[in-house]
Amino acid sequence: MDDALFGEERLDRRAREVLPGAVHVPAWLSLRRQRWIADRFEEWGRGPIAPHSPLVGGHPMSVRMVPLGLVWGPAGWSETAGPEGAAPLPLPEWLVRLSRAALRSAFDPRTAPSWPGLDPARLDAWAETYEPDVALVNYYPPGARMGMHQDRDESSSAPVVSLSIGDTAVFRAGNTQTRSRPYEDLRLASGDLIVFGGPSRFMFHGVPRVLEGSAPQGCGVLRGRINITVRATGRQE
Ligand code: SIN
Ligand code: MN
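I will try to describe carefully the structure that is included in this document. Going along each chain's sequence as written, the residues are numbered from 1 onward. Here the convention is simple: chains get letters from A, ligands get numbers from 1, in the order in which they are written. This being a predicted model, a pLDDT of at least 70 is required before a residue's local features are given, and a value of 80 or more before pairs of side-chain atoms are given or counted; all residues contribute to the totals for chains, interfaces and linings. Hydrogen atoms and water are omitted, and side-chain values are computed over all heavy atoms in the structure.

## What about the coordination of the manganese ion (ligand 2)?
Rule in force here: A 2.8 Å cut-off from the metal defines N, O and S donors, relaxed to 3.2 Å for Na, K and Ca; water is not in the atom list, so some sites may appear incomplete. We call a residue buried when its accessible area falls under 20% of the maximum for its residue type, exposed when it is over 50%, and partly exposed in between, using a 1.4 Å probe and counting protein chains only.
Every protein donor of the manganese ion (ligand 2) is listed here as His-149 (NE2), Asp-151 (OD) and His-205 (NE2), and their distances to the metal cover 2.1 to 2.2 Å. The partly exposed category is assigned to His-149, whose relative accessible area is 22%. Looking at His-205, the relative accessible area reads 5%, which means it is buried.

Set out below in structure tokens:
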């Protein structure tokens, strides 16, 4: 078998509009990029805000979270967290640029997404206006999951860009009305991108399961799964 021709990154798994505004782009990040980002993840974990499990309904989540850029708290998005006022690491410029590239890929008119329906020149200009100010970096240890929820702490309706590295997740893409059906379960593998914007920006979504031990060799994550969601909070400075 010719590895250069049939190597993992050459497989043609095309972008698919799961729902209007929600596009899954398999294998968007090369293994090299996945590894590089996994190395940054190690650094983020040693930053001023330690990975922690936020409480939801009084119970700690099973994921461990590190925020970049801003932190969410009782008073909304803020530049510091907790009584000691620790500031998160800044949102890296490379992640902002990567997120704009993610919008260009996800909403590429060649895959005919029904939203935002822009021709290539307008899509490029639109992607450049994306000004995310936060990323939530979640680590899923084996057995971790995330219940159905909406990302609605942001006052902006700009898309959420989500990158996955490590074990494959079953990602439940729901609807904007209820946390139950209709929904579709899809697999987010290492290197996959999913963007949800427009009519799907406030869809319920969750991760009912992560497939333990499914990470490809060389992705930089030996155990568990990393997910990074990049968002624009709409916060006024
Ligand atoms: C999230 O909804 O914040 C994370 C989703 C995922 O882990 O894919
Ligand atoms: Mn979410």
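Structure shown, so let's carry the discussion forward.
## Concerning the packing of aromatic side chains
Aromatic rings in a pair are described by how distant their centres are and how their planes are angled relative to each other. Here is the rule: Pairing of aromatic side chains here covers Phe, Tyr and the six-membered ring of Trp, requires ring centres within 6.5 Å, and sorts the geometry by plane angle: under 30 degrees stacked, over 60 edge-to-face, intermediate tilted. Put simply, DSSP H or I for four residues or longer makes a helix, DSSP E for two residues or longer makes a strand, and each gets a number counted from the N terminus. Here, a charge over a ring means that NZ of Lys or CZ of Arg falls within 6 Å of the ring centre while also lying within 35 degrees of the ring normal.
On inspection of all chains with the given rule, the structure shows 8 aromatic pairs. For the pair Phe-107 and Trp-126, a centre-to-centre distance of 5.8 Å together with 70° between the ring planes defines the contact as edge-to-face. With a gap of 19 residues between them, Phe-107 in the loop between α3 (93-106) and α4 (120-128) and Trp-126 in helix α4 connect regions that are remote in the sequence. Residues Trp-115 and Trp-126 carry aromatic rings whose centres are separated by 5.8 Å and whose planes lie at 85° to one another, so their mutual orientation is edge-to-face. Of the two residues, Trp-115 is situated in the loop between α3 and α4 and Trp-126 in helix α4; the sequence distance between them amounts to 11 residues. Residue placement shows Arg-40 over the ring face of Trp-36; its charged tip is 4.4 Å from the ring centre.

## As for the sheet that holds strand β12 (residues 184-188)
Put simply, the rule is: A pair of strands is treated as paired once DSSP finds two or more bridges between them. For helices, the axis comes from a line fit to the C-alpha atoms of the stretch in contact; other axes are also lines fit to C-alpha atoms, and the angle between any two N-to-C directions lies between 0 and 180 degrees.
Strand order in this open sheet of 4 strands is β9-β14-β11-β12, and the pairing throughout is antiparallel. A strand with exactly one partner marks an edge of an open sheet, and here the two such strands are β9 (146-149) and β12. Across the sheet, the axes of successive neighbouring strands diverge by a mean angle of 25°, strand direction being ignored. Here 2 bridges tie β9 to strand β14 (residues 205-211), and the two strands are oriented antiparallel to one another. Counterpart to Met-146 in the pairing with β14 is Val-207.

## Looking at the pattern of salt bridges
This is how the line gets drawn: Any Lys or Arg side-chain nitrogen found within 4 Å of a carboxyl oxygen on Asp or Glu counts as a salt bridge.
Summed over all chains, the structure comprises 11 salt bridges. Here Glu-154 and Arg-201 are joined by a salt bridge, their closest N and O atoms 2.8 Å apart. With a gap of 47 residues between them, Glu-154 in the loop between β9 and β10 (160-166) and Arg-201 in the loop between β13 (193-196) and β14 connect regions that are remote in the sequence. The partner of Arg-172 in a salt bridge is Asp-185, and the shortest N-O contact between them spans 2.8 Å. Within this pair, whereas Arg-172 is found in strand β11 (residues 168-173), its partner Asp-185 is found in strand β12, the two being separated by 13 residues in sequence. Ionic contacts of the salt-bridge type, sharing partners, join the residues Arg-100, Arg-104, Glu-128 and Glu-131 into one network.

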